[in-house]
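Remarks on the overall topology
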Amino acid sequence: ALVADAPKHLNEEFTAADVDLKSVSEDIESDDTADAVKLRGNLAARYSDLEVKAIIKGNLGSAKFAVEQAIKEGAKKLTPEALDMTQKKIGDDEVAIANARHDQVVLARASADANVASKRLLDLVRQAKSSSQQSPEQLAAHLEQNQNIANSAAVASAVKLDQSEK
């Protein structure tokens, strides 16, 4: 839990677990091991749970913050499908982290996936808000401009590929 920065991410919960551990430790020093035997498993489980929660918060905290911001900006009304998809993705990433909390590859992948999904959601919400203030012709012109940019990039990429093969 310490390595996962539980004191930073979950200060109150970590402090409470520490207080209980100190109490049990003091009992053991006084030759009273009854509570230690009873609470050993519980304390270990609490610290393990704190570790998982801290790892999740450390790796997915910014993505969750972006989702909260998107909701504040109207995601539930403007982009409900994207919101649901993003929340599902973050939920899947939480499960992946919980199942492989010490696997740095899994942590990096989950963090990256969640951040990409939450950034996309926030961008979509802001685009939806912006597009509601535009006429259909302005929207169509903007879409056409983006399509032209994408087509130009595809042609340039194909030309580079063709030249590199020669």
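Residues numbered from 1 in each chain as written. Predicted model: local features only at pLDDT ≥ 70, side-chain atom pairs only at ≥ 80, totals over all residues. Heavy atoms only, no water.

So, about the pattern of salt bridges. Taken as a whole, this structure holds 6 salt bridges when the rule is applied. Here Arg126 and Glu73 are joined by a salt bridge, their closest N and O atoms 2.8 Å apart. Within this pair, whereas Arg126 is found in helix H6 (residues 104-131), its partner Glu73 is found in the loop between helix H3 (34-72) and helix H4 (75-78), the two being separated by 53 residues in sequence. Judged by its relative accessible area of 16%, Glu73 is buried. Here Lys129 ties to Glu73 by a salt bridge, and the two come within 3.8 Å at their closest N and O atoms. Separated by 56 residues along the polypeptide, Lys129 in helix H6 and Glu73 in the loop between H3 and H4 bring together distant segments of the chain. (Salt bridge = Lys/Arg side-chain N within 4 Å of Asp/Glu carboxyl O. Helix = DSSP H or I, 4+ residues; strand = E, 2+ residues; numbered from the N terminus. Buried < 20%, exposed > 50% of the residue type's maximum accessible area, 1.4 Å probe, protein only.)

Ranked by size, the top nonpolar core spans 19 residues in total, and within it Leu60, Ala70, Ala75, Ile90, Ile97 and Leu121 carry the most contacts. Residue assignment for this core shows that the elements contributing at least two residues are H3, helix H5 (80-99) and H6. Looking at this core element by element, the count peaks at 8 residues for H3. If near-sequence neighbours (up to four positions away) are discounted, Leu60 is found in contact with Ile90, Asp93, Glu94, Ile97, Ala110, Ser111 and Ala114. (Core = buried A, V, L, I, M, F, W, Y, C linked by side-chain atoms within 4.5 Å. Contact = heavy atoms within 4.5 Å.)

Moving on: H5. With 20 residues, H5 ought to run about 28 Å at 1.5 Å a step, and its terminal C-alpha atoms sit 29 Å apart, in line with that. Looking at H5, one finds that the buried residues are Ala82, Leu83, Thr86, Ile90, Asp93 and Ile97. Projected down its long axis, H5 carries its buried residues within an arc of 100°, all on one side. Every exposed residue of H5 that faces more than 90 degrees away from the buried side is listed here: Glu81, Lys88 and Asn99. (Expected span 1.5 Å × (residues − 1). Arc of directions from axis to C-beta.)

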